[in-house]
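Now for the letters of each chain:
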Amino acid sequence: GSSSKRSLKTLSGEGLIGQFGIGLLSCFMVTDKITLITRSFKEKQAVKWEAFIEGTYSSSPVSDEFEAGTKLFLPLRKDYVSTYSKDKVLTLIKNYGTFLPISIHFQDGEDVEVLDSQRFPWSSEKEAVIDFGKNWFQGHYKHFIQLESQCGLTKGIAFISPRAVPQGAKAPHQVYIKNMLISEGSEHVLPSWFFFGKAIINSEELIPTASREDIHNNEVLTRVRQDFEICIEDHFEWLIQSDPEALEEIIQTHDMAIKAFALENEKIYRMIIGRL
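Here the residue numbers are simple positions, counted from 1 along each chain's written sequence. At least 70 in pLDDT is required for a residue's local features to be given in this predicted model, at least 80 for side-chain atom pairs to be given and counted, and no such filter applies to totals for whole chains, interfaces and linings, which use all residues. Only hydrogens and water are removed before side-chain values are computed, so all heavy atoms of the structure are retained for them.

**Description of the pattern of salt bridges**
Okay, so step 1: We define a salt bridge as a contact between a side-chain nitrogen of Lys or Arg and a carboxyl oxygen of Asp or Glu at a distance within 4 Å. With the rule as written, the count across this model stands at 7 salt bridges.
Okay, so step 2: Two residues, E249 and K142, come together in a salt bridge whose shortest N-O distance is 2.9 Å. Of this pair, E249 sits in helix 6 (residues 244-253) while K142 sits in the loop between helix 4 (126-137) and strand 7 (143-148), and the two are 107 residues apart along the sequence.
Okay, so step 3: A simple rule labels every residue: compare its accessible area, found with a 1.4 Å probe on the protein chains alone, to the largest value its type can have, and call it buried under 20%, exposed over 50%, or partly exposed in between. The partly exposed category is assigned to E249, whose relative accessible area is 32%.
Okay, so step 4: Under the relative-accessibility criterion, K142 is labelled partly exposed at 46%.
Okay, so step 5: Because the salt bridges share partners, they merge into one network encompassing E205, R223 and D227. Secondary structure elements follow DSSP: runs of H or I no shorter than four residues count as helices, runs of E no shorter than two count as strands, and numbering proceeds from the N terminus.

Shown next as structure tokens:
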């Protein structure tokens, strides 16, 4: 992770998903004591580090044999035990860890469930992308749009609703940063008129807020949103040549949103004039 006291110039920046101690703070939301045992493959002995909610901590060697790696123990406060049931914890793990490049072993008593890492559907075949959308968003999608920022650091898929959506409806999109879920309800990563689509996005350039609940609405997000609008524009242009019937279906289903886009974009206006 990074912090305001540690210069990012000394770090590669790749793989960083933490900042300002947000992970440590998250642990203390549900526990009064954090116990971490870790051993480097270069060392023969492990170290146990314990931190307490009042701000103290201790570090000591571990006498027992411990394999190279790290284990973290968070004993839940009594008032949280009933809140975090097996099903809820498993759901949270799947939401936040599905696309991390590791396998997660979830153990409850003697039962162990292995959650293998999934891949985002960017490079999948059309049918595989449609199947992903049906399973992930529980929607019967027929059309989707590939999204990518010009620098290639933000990619996504926008699934187009098969039914008309009320004008001005909010379209919450799922945004991941470096494969970690940041927001399930981001409304600013795509143009406001694109309320008839639902997207899943992963980025190496967008910046999460300190609370890790959304992304910063800054110049980077503005540029990505503009790049995504160009992707939508290019997709409609491609449909004119390759699948005019699909374009006709999208336009007729979402005519109000398409009209709003056409008012702002002369190219789209010329593309759809006479089709509405």
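Resuming the write-up.
**Quick notes on the sheet that holds strand 11 (residues 197-203)**
Okay, so step 1: An order of 7-8-11-9-10 is seen for the 5 strands of this open sheet, with the pairing classed as mixed. Every interior strand has two partners, whereas the edge strands, strand 7 and strand 10 (180-186), have only one. Direction aside, the axes of adjacent strands within the sheet are offset by 15° on average.
Okay, so step 2: Whether two strands pair comes down to DSSP finding at least two bridges between them. Sheet analysis places strand 8 (residues 154-160) next to strand 11, joined by 7 bridges and oriented antiparallel. For I157, the partnering residue across the bridge sits in strand 11 and is I200. The convention used is that axes are lines fitted to C-alpha atoms, helices contributing only their stretch in contact, and that angles between N-to-C directions extend from 0 to 180 degrees.

**Details of unusual backbone geometry**
Okay, so step 1: Although it is not a glycine, Q138 adopts a positive phi angle of roughly 55°.
Okay, so step 2: Examined against the element boundaries, Q138 turns out to sit in the loop between helix 4 and strand 7.
Okay, so step 3: For K178, which is not glycine, the phi torsion reads 55° and is therefore positive.
Okay, so step 4: By secondary structure assignment, the location of K178 is in the loop between strand 9 (173-177) and strand 10.

**Quick notes on the packing of helix 5 (residues 219-242) against helix 6**
Each pair of packed helices gets described by two things: the angle between the helix axes and the distance between those axes.
Okay, so step 1: Look at helix 5 against helix 6: their axes get within 6 Å of each other, and the N-to-C directions meet at 130°. Of the possible angle classes, the one that applies to helix 5 and helix 6 is oblique. Listed contacts from helix 6 to F236, L239, I240 and S242 of helix 5 are P244, A246, L247 and I250.
Okay, so step 2: A class-by-class count of the residues in the contact of helix 5 with helix 6 yields 7 nonpolar, 1 polar and no charged. Reported orientations rely on four angle classes, namely roughly parallel under 35 degrees, roughly antiparallel over 145, roughly perpendicular from 65 to 115, and oblique for the rest. By definition in these notes, contact holds between two residues if any of their heavy atoms fall within 4.5 Å. Here the nonpolar group is Ala, Val, Leu, Ile, Met, Phe, Trp, Tyr, Cys and Pro; Asp, Glu, Lys and Arg are the charged ones; every other residue, Gly included, is treated as polar.

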